[in-house]
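The primary structure of each chain is shown beneath.
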Amino acid sequence: MTPFTPSTALRRAAGSLAAAGLLAAASLAGAAAPAGAADVPVFALGGPAETGLNPYPESGEPRSSTVGITLDNPSQDEENGGFGGDFTLTFDLSDIEGVAEVAFDGESGSADCEVTGTKAVCEDWGIWPGSRRAADLLVTAAEGSRAGDTGTIRVTGEAAGATFTPFTTRLTVGGTDLVMEKLPFDQELNPGDEQRAPITFSNRGSRDADGVLLTLMYTRGLDIPQRYANCEYTEDDPDVPGIGWTTALCSVEGAFEAGETYTLATPLTLEATTRAYYDTFVYRIHEDGAAQRTAQRAGAPFARGTGPVLKAVPVKAPQQGATARGSDINPEDNQQEADFRTKNTADFVAYGDEASGAAGTTVEADIGFRNEGPAWIGHLRSGEPVATLDFTVPQGASVTAKPDRCRAVTADGKYRADQKSPAPRYVCDTSMTVWDGADLGLPFELRIDRALIGASGEVTVRNTRQQNPALPFDPKPANNTAFLVLNGEGGGSDSGGTTGGSGEPSTPPTSAPDPEQSPSGSSGPSASTTSGGSTGTNGGSVGGGGLASTGSVALIASGAAAAALAAGLVLFTAARRRAGRHA
């Protein structure tokens, strides 16, 4: 199981979170480094602050622990923020000599790693925005080592044209082994449903845990209404598109003894809210401590709850256990996850625009769609786009500028190799999440080659599969289509601008008079660019969204989820953009 950070949850959602170890704590210790000079990117190395090792056995082979080293690129620019060069990671193993032996998991990443004496070197290429797993160290206690022996590994990086912040992780022989038990949730829900969550965990290690840190993470459609006094809470920025996690870090006091099992004195309440659809609940356990809390915070601001104190009690009477303290021997079993499907809907409403201009001029138009809820939609496991905006260019016009994440296709929606010259049709995939209340707009520039009155192009929000265009969560397909109208004779371009809902323009296009030869004698447009109208947006605003590229899952940094997000649209506030253009 591979641990990841919440900030990269969108980048590796391509696989199962359970298999991938969604958001496990190990990679949280390496917070993103601040950016350096504009031309010298700064990348942060990270990983677990400390790892406990199974003691060397009296017979048989020693059991290994995995130390996952992460590499964070703090850039928010998915398109241009990547580093496309060779880089080298160096591991100084001199301090763990006689304490631990190190090898590398060759199947965990693309890096080429080799151990020579008290040094290991990994060579790799490319560092994309977000966090990624750089290398997995397989670590075992050294023969002759004793419980309590400890040492550190220092990791540094080097690349031409880049800087790396170093990272140090500690290894200790022996320790706790906190194991989170899986809860039997009802995973098919209705909005408003509540269920009990009696979090239960065991200490299967050789040492007691001096207090535990319970981490609770739940996506936008879920809530735990009670805010406990010994828990700190944070929510993802509503202005930044993404999964919308709420995170609670709960410091639970007590001596949690080796060999014993514990549960919450009062079970949590997990609620499906009115915006629930596909949602995930992550719950994990670690020994408490300043380093662990810092790692799990990862720089995010937290606020303390004001309710009762959350406590854990033994499932059975505790037995006498060891009193030494240490790190977790096997952190990969500290976490469980549950997915929920709530019977709910989301109304995606397409909007078009209007623009006018003489032949040869260029006009601007904003098209897109709004999610009028009530649900947010997120494809967290697959990482696939939620929807596609499908735009047919009006007759007599050519697209001269488009959002980077829209691609040209043929008139019948098929693949088009030529992405530079104007195309008859464009498709723009969303990212893997679209929040309730989001206004997701796309700016296009079009050259009017022939001035036709009422030339109209469809703007449709649909399923990503053209052969099956219906959105399964949308109960109102009639408002999924709007129009971009050029040189129209009045009338709106929002959803419903069709005759009988047929999807046809209200009137066929005809040749338009030259605005410079207008009967009124008023002069036509003299500039090369004429702004489009603002009808169709209905004053929508961005309420957190899913079209913007926010980095990747990666829960998580990987190719599949980074590609899923790279296919997302650029997030714009269409109404604001128009307002600024007409100011």
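Above: the structure in question.
Residues numbered from 1 in each chain as written. Predicted model: local features only at pLDDT ≥ 70, side-chain atom pairs only at ≥ 80, totals over all residues. Heavy atoms only, no water.

Participant: Kindly report on the overall build of the protein, identifying the contributing residues and their values.
Facilitator: The helix and strand inventory of the protein stands at 4 helices and 40 strands. Counting over 583 residues, the protein shows a buried share of 54%. When the accessible surface of the protein is totalled, it reaches about 24,000 Å², and 49% of it is carbon and sulfur. (Helix = DSSP H or I, 4+ residues; strand = E, 2+ residues; numbered from the N terminus. Buried < 20%, exposed > 50% of the residue type's maximum accessible area, 1.4 Å probe, protein only. Areas by Shrake-Rupley, 256 points an atom, 1.4 Å probe, with all protein chains shown as cover.)

Participant: Lay out the environment of P41 in plain terms, naming residues and giving numbers.
Facilitator: Mapped onto the elements, P41 comes out in the loop between α1 (17-20) and β1 (42-46). Given the relative accessible area of 27%, P41 is considered partly exposed. Note: C-alpha distance between P41 and T163 (122 residues apart in sequence) is 6.3 Å. Residues within four places of P41 in sequence aside, it is in contact with F83, G161, A162 and T163. (Contact = heavy atoms within 4.5 Å.)

Participant: Account for the packing of aromatic side chains, naming residues and giving values.
Facilitator: The description of two aromatic rings rests on the distance between their centres and on the angle between their planes. Enumeration according to the criterion identifies 18 aromatic pairs in this entry. With a centroid separation of 5.7 Å and 65 degrees between ring planes, the pair formed by F43 and F164 is classed as edge-to-face. You can see F43 sitting in strand β1 and its partner F164 sitting in strand β10 (residues 163-165), a full 121 residues away along the chain. Relative to Y262, the ring of F201 has its centre 5.8 Å away and its plane inclined at 25 degrees; by these criteria the two rings are stacked. One end of the pair, F201, is in strand β15 (residues 200-203); the other, Y262, is in strand β20 (residues 261-264), with 61 residues separating them in the sequence. F201 gets classed as buried once you look at its relative accessible area, which sits at 2%. Within the aromatic cluster, the residues linked to one another by ring pairs are Y277, Y278, F348, F369 and F473. Over the ring of Y233 we find R227; its NZ or CZ atom is 4.6 Å from the centre of that ring. (Phe/Tyr/Trp six-rings, centres within 6.5 Å; stacked < 30°, edge-to-face > 60°. Lys NZ or Arg CZ within 6 Å of the ring centre and 35° of its normal.)

Participant: Run through the state of the cysteines, naming residues and quoting values.
Facilitator: What the rule picks out here adds up to 3 disulfides. Sequential numbering of the bridged cysteines in the protein gives the disulfide pattern 1-2, 3-4, 5-6. (Disulfide = S-S within 2.5 Å.)

Participant: Please set out the sheet that holds strand β14 (residues 194-197) residue by residue, giving values where relevant.
Facilitator: The strand order across the open sheet built from 3 strands is β14-β21-β17, with neighbouring strands paired in antiparallel fashion. Pairing within the sheet leaves two strands with one partner each, and these edge strands are β14 and β17 (222-223). Bridging between β14 and strand β21 (residues 268-272) involves 4 bridges; their strand directions are antiparallel. Along β21, the bridge assignment pairs Q195 with L270. (Pairing = 2+ DSSP bridges.)

Participant: Give a detailed account of unusual backbone geometry, specifying residues and quantitative values.
Facilitator: Following G373, the chain continues to P374 via a peptide bond in cis, the omega torsion being 10 degrees. Even without being a glycine, N487 presents a positive backbone phi close to 55 degrees. As for its position among the elements, N487 is in the loop between β38 (481-486) and β39 (510-511). The exposure class assigned to N487 is buried, which follows from its relative accessible area of 12%.

Participant: Report on the environment of D124, specifying residues and quantitative values.
Facilitator: Its location among the elements puts D124 in strand β7 (residues 119-127). D124 gets classed as buried once you look at its relative accessible area, which sits at 12%. Along the sequence, D124 and D86 sit 38 residues apart, while their C-alpha atoms lie 5.9 Å from each other. Of the polar contacts made by the side chain of D124, one reaches the side chain of R132; its length is 2.8 Å. (Polar contact = N/O pair within 3.5 Å; in protein donor to acceptor, adjacent residues only side chain to side chain.)

Participant: Which residues make up a negative patch on the surface, and what values do they have?
Facilitator: On the surface, D86, D112, E114 and E123 cluster together into a negatively charged patch. With respect to the helices and strands, the residue E123 is situated in strand β7. Accessibility expressed as a relative area gives 48% for E123, which makes it partly exposed. (Patch = residues over 30% accessible without salt bridge, like charges linked within 9 Å, V, L, I, M, F, W, Y side chains within 5 Å. Salt bridge = Lys/Arg side-chain N within 4 Å of Asp/Glu carboxyl O. Lys, Arg positive; Asp, Glu negative; His and termini not counted. Charge placed at Lys NZ, Arg CZ, Asp CG, Glu CD.)

Participant: Account for the sheet that holds β7, naming residues and giving values.
Facilitator: Strand order across the open sheet formed by 6 strands is β2-β11-β9-β4-β7-β6, with mixed pairing between neighbours. Two strands bound the open sheet, and with one partner strand each, they are β2 (50-53) and β6 (112-116). Recorded for the sheet is a direction-independent mean angle of 20 degrees between the axes of neighbouring strands. With 4 bridges joining them, β2 and strand β11 (residues 167-173) adopt parallel strand pairing. (Axes fitted to C-alpha atoms, helices over the stretch in contact; angles between N-to-C directions.)

Participant: Now, about the pattern of salt bridges: what can you tell me, with residues and values included?
Facilitator: Per the counting criterion, the structure on display carries 15 salt bridges. Put simply, D347 and K476 hold a salt bridge, and the shortest N to O gap is 4.0 Å. Of the two residues, D347 is situated in strand β26 (residues 346-351) and K476 in the loop between β37 (455-462) and β38; the sequence distance between them amounts to 129 residues. For D347, a relative accessible area of 6% translates into the label buried. Taking the relative accessible area as the measure of exposure, K476 reaches 48% and is therefore partly exposed. For R465, the salt bridge identified is with E384, shortest N-O distance 3.8 Å. Of this pair, R465 sits in the loop between β37 and β38 while E384 sits in the loop between β29 (377-378) and β30 (388-392); the two residues are 81 residues apart in sequence, bridging distant segments of the chain.

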